Amino acid sequence: MAEHEHVRVAVIGSGFGGLGAAVRLRREGITDFVVLERAGSVGGTWRDNSYPGCACDVPSHLYSFSFAPNPDWPRTFSGQRHIRAYLEHVTDLFGLRPHIRFDSEVKLMTWDEDNLWWTIETTRGTLRADVVVSATGPLSDPKVPEIPGLDSFPGKVFHSARWDHDYDLRGKRVAMVGTGASAIQIVPAIQPQAGRLTLFQRTPPWVMPRMDRAISGAERWLHRRLPVTAQARRGLLWGIRELQVQAFTKRPDELGLVEQLAKRNMARAIKDPALRAKLTPDYRIGCKRILLSSEYYPALARPNVDVVASGLAEIRGSTLVAADGTEAEVDAIIFGTGFHVTDMPIAERVARADGTTLAETWKNGMRALRGASAAGFPNFMTVIGPNTGLGNSSMILMIESQLNYLADYLRQLDVLGGRTALDARPAAVDAWNERVQERMKRTVWNTGGCTSWYLDPSGRNTTIWPGTTTEFRRATRRVDLAEYEVIRKPAPVASRKSEALA
């Protein structure tokens, strides 16, 4: 990377959000951009999470770009390997590789208020950009809890998103810490290998069957020959999930029937009443993410698996001690404890001209206009920003809506002309977030009686969008300039004098 290279747009990250932004820029006729990727390949979350059993819990035909349909998905719910291959295909299909700067981790971005550009320091040099699009995603930086004694544990330790494929689990005593989406996929995958598998469960999840199957050759042939059939399939999957939103956002009591189905799913595999009691949640289904697996409960019923219904509290040598005093001797610890979602690390690396970081601005909770623009940070946009997450559908739908907003944002800058920046007005950000939080009060995520990673330390839901994807698409179709302060770089004194004389 050349020193002080200047581009119109810098995109951070090459997962779905970053690649989607790059494709949209190309389609808008913008080629003066770079994609800054800290790793050596594209894929984001689907590159980093390569643990055994890793797969998506959104149907394949919905978990893909509308502008890059894939008629050859091998399964209704695709695995990590196929999703990563799809992202590599998108990169090549749209000619994105010349724009990508691999091994270029962003260390600091500072707004230059005199020149109206961002100065971006990376591990491969410094560049400048008129506009920055942060697409680092909420599931990019693993979170490992601070457990007393962890530093002195003599065995192997790693997070699910940093899987050590060189470590052989066969015959080992393994501790799985956490019961989130990753853990319920890992447990069935490693249970046959482990000598003993101990699951440390702080809160049991609601688990529904995963209706996965191979997509037949005839179906794939049909989707290739008649693309409208794949579009119809995607539309049906989308429509069903749009209809489900009301139960999550306005009528959580209607989810009681879904709870009964989840309990039956558990009862089919878990015959031991004591174990079933450990695995039964005490909160409304949907409050935490509903997980999909047809193998999780059968794996927990195997004789070499122990479920500790208490969080890991302390480590004494090779002995793991739960909060209820239960002890387990293990050779390896796998943390499936999630990510930095409500405290995104990239926010610590984005600074205003006075040095104030986005993380400091968000110390009382993340907030951004339409999930994209934070007040005080001109020409900086987030993809999958605050309150853009979903509890029941595909994030690709939300990403594409935010890309519409990005495209119009850049068009508005063109129309305004000259060296110009847009800064979200604090009043507009506040008004947007007040509407979002008011709608959030009725949702299952706020009323369901659980503590989830959707909530920040103050208990505010800064993660989920409390509506349909259709509503969000309408809200992000156009940039309303009334919600922004227009900042212009003053013309040089000599130029102003010349204009006056003319």
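See the structure shown above.
This report concerns the structure included in the present document. Per chain, residue numbering runs from 1 following the sequence as it is written. Note on the predicted model: pLDDT of at least 70 is required for a residue's local features to be given, and 80 or more for side-chain atom pairs to be given and counted; whole-chain, interface and lining totals, by contrast, use all residues. With hydrogens and water set aside, each side-chain value is computed from the structure's full complement of heavy atoms.

## Description of the pattern of salt bridges
What counts as a salt bridge is simple: a side-chain nitrogen of Lys or Arg found within 4 Å of a carboxyl oxygen of Asp or Glu. Inspection of the entire model under this criterion finds 33 salt bridges. With a closest N to O distance of 2.7 Å, Arg289 and Asp57 form a salt bridge. Here Asp57 lies in the loop between helix H2 (45-48) and helix H3 (80-93) and Arg289 lies in the loop between helix H8 (273-279) and strand E11 (291-292), a separation of 232 residues in the sequence. A 1.4 Å probe rolled over the protein chains alone gives each residue an accessible area, and that area as a share of the maximum for its type sets the label: buried under 20%, exposed over 50%, partly exposed in between. According to the relative accessible area criterion, Arg289 is partly exposed, its value standing at 28%. Between Glu219 and Arg213 there is a salt bridge, and its shortest N-O distance comes to 2.9 Å. We classify Arg213 as partly exposed; its relative accessible area is 37%. Connected through salt bridges with shared partners, the residues Arg24, Glu28, Asp408 and Arg411 form a single ionic network. Helix and strand assignments come from DSSP, with helices taken as H or I runs of at least 4 residues and strands as E runs of at least 2, each series counted from the N terminus.

## A closer look at the sheet that holds strand E8 (residues 173-177)
Any two strands with at least two DSSP bridges between them are considered paired. Taken together, the five strands give an open sheet; going across it, the order is E7-E16-E8-E9-E12, and neighbouring strands pair in parallel fashion. The strands lining the two open edges of the sheet, one partner per strand, are strand E7 (156-159) and strand E12 (305-308). Recorded for the sheet is a direction-independent mean angle of 15° between the axes of neighbouring strands. Relative to E12, strand E9 (residues 196-200) runs parallel, the two sharing four bridges. Bridged to Leu197 within E12 is Val305. Contact definition: two residues touch when any of their heavy atoms are within 4.5 Å. Fitted lines through C-alpha atoms give the axes, limited to the stretch in contact for helices. The angle between two N-to-C directions lies from 0 to 180 degrees. Of the strands in this sheet, E8, E9 and strand E16 (332-335) are in contact with helix H4 (residues 181-190), which crosses E8 at around 165°.

## Structural notes on the state of the cysteines
Here, a disulfide means two cysteine sulfur atoms that sit within 2.5 Å of each other. Scanning all chains against the criterion turns up one disulfide. Of the cysteine sulfurs around Cys54, a residue in no disulfide, the closest is that of Cys56, at 8.8 Å. Looking at Cys56, the relative accessible area reads 4%, which means it is buried.

## What to know about the packing of helix H1 (residues 16-27) against helix H11 (residues 395-416)
In contact at an axis separation of 10 Å, H1 and H11 are set at 40° when each is read in the N-to-C sense. In terms of axis orientation, H1 runs oblique to H11. At the point where H1 passes H11, the crossing takes the right-handed sense. Side by side, H1 and H11 meet where Phe16, Gly17, Gly20, Ala21, Arg24 and Leu25 of the first sit next to Ile396, Ile399, Leu403, Asn404, Leu406, Ala407, Leu410 and Arg411 of the second. These descriptions rest on fixed angle ranges, namely under 35 degrees for roughly parallel, over 145 for roughly antiparallel, 65 to 115 for roughly perpendicular, and the rest for oblique. Two helices crossing with the near one rotated counterclockwise from the far one by less than a right angle form a left-handed crossing, whereas a clockwise rotation gives a right-handed crossing.

## Things to note about the environment of Glu259
Its location among the elements puts Glu259 in helix H7 (residues 256-269). For the pair formed by Glu259 and Ala135, sequence separation is 124 residues and the distance between their alpha carbons is 35 Å. Aside from chain neighbours lying at most four places away, what touches Glu259 is Trp206, Tyr283, Arg284 and Ile285.

## Describing empty space enclosed by the protein
As defined here, a cavity is a set of points on a 1 Å grid over the protein atoms alone where a 1.4 Å probe fits but cannot get out. A pocket is an open set with protein on both sides within 12 Å along at least five of seven lines, and residues line them when an atom is within 4 Å of a point. Grid points are joined across faces, edges and corners, and a volume is the space filled by probe spheres set on the points. The tally for this structure, following the rule as stated, stands at two cavities of 30 Å³ or more. Looking at the largest cavity, its volume works out to about 60 Å³. Ser134, Thr136, Gly137, Met344, Ile346, Ala347, Leu358, Trp362, Phe380, Thr382, Val383 and Ile384 together form the lining of the largest cavity. Gly is placed with the polar residues, together with every amino acid not listed as nonpolar (Ala, Val, Leu, Ile, Met, Phe, Trp, Tyr, Cys and Pro) or charged (Asp, Glu, Lys and Arg). Of the residues that constitute the lining of the largest cavity, the class distribution is eight nonpolar, four polar and no charged. Reported here for the second largest cavity is a volume of approximately 50 Å³. Residue lining of the second largest cavity: Val245, Phe248, Thr249, Leu390, Gly391, Asn392, Trp445, Trp465 and Gly467, and that is the complete set.

## Section: the packing of H1 against H3
To describe two helices that pack against each other, one gives the angle between their axes and the distance between the axes. Where H1 contacts H3, the axes come no closer than 10 Å and their chain directions differ by 20°. Judged by the inter-axis angle, H1 sits roughly parallel to H3. Here the hand of the crossing between H1 and H3 comes out left-handed. Where H1 approaches H3, its residues Phe16, Leu19 and Val23 are matched on the opposing element by Ile83, Tyr86, Leu87, Val90 and Thr91. Within the contact of H1 with H3, the residues separate by chemical class into seven nonpolar, one polar and no charged.

## Remarks on the environment of Gly20
Position of Gly20 relative to the elements: it lies in helix H1. Residue classification places Gly20 among the buried positions, given a relative accessible area of 0%. Spatially, the C-alpha atom of Gly20 lies 9.0 Å from that of Ile396, the residues being 376 residues apart in sequence. Sequence-distant contacts of Gly20, defined by excluding residues within four places in its chain, comprise Gly15, Phe65, Phe67 and Leu403.

## A closer look at the packing of aromatic side chains
The rule is short: rings of Phe, Tyr and Trp, with Trp giving its six-membered ring, pair when the centres are within 6.5 Å, and they are stacked under 30 degrees, edge-to-face over 60, tilted in between. Tallied over the entire structure, the rule returns 16 aromatic pairs. Between Phe16 and Tyr63 the ring centres are 5.1 Å apart and the planes differ by 70°, which places this aromatic pair in the edge-to-face class. Residue Phe16 is found in helix H1, and its partner Tyr63 is found in the loop between H2 and H3; the two are separated by 47 residues along the sequence. Judged by relative accessible area, which is 6%, Phe16 ranks as buried. Centre to centre, the rings of Trp73 and Tyr86 are 5.2 Å apart; their planes meet at 40°, and the pair counts as tilted. With Trp73 in the loop between H2 and H3 and Tyr86 in helix H3, this pair connects stretches of sequence that are 13 residues apart. Per residue, the accessibility class of Trp73 equals that of Tyr86, and both read buried. Put simply, the rings of Phe16, Trp46, Tyr63, Phe65, Phe67, Trp73, Tyr86 and Phe94 touch in pairs and so form one group of aromatic residues. Sitting over the face of the ring of Tyr167, Lys172 holds its NZ or CZ atom 5.3 Å from the ring centroid. Two limits define a charge over a ring: the Lys NZ or Arg CZ must be within 6 Å of the ring centre, and within 35 degrees of the ring normal. Sitting over the face of the ring of Trp465, Arg439 holds its NZ or CZ atom 5.6 Å from the ring centroid.

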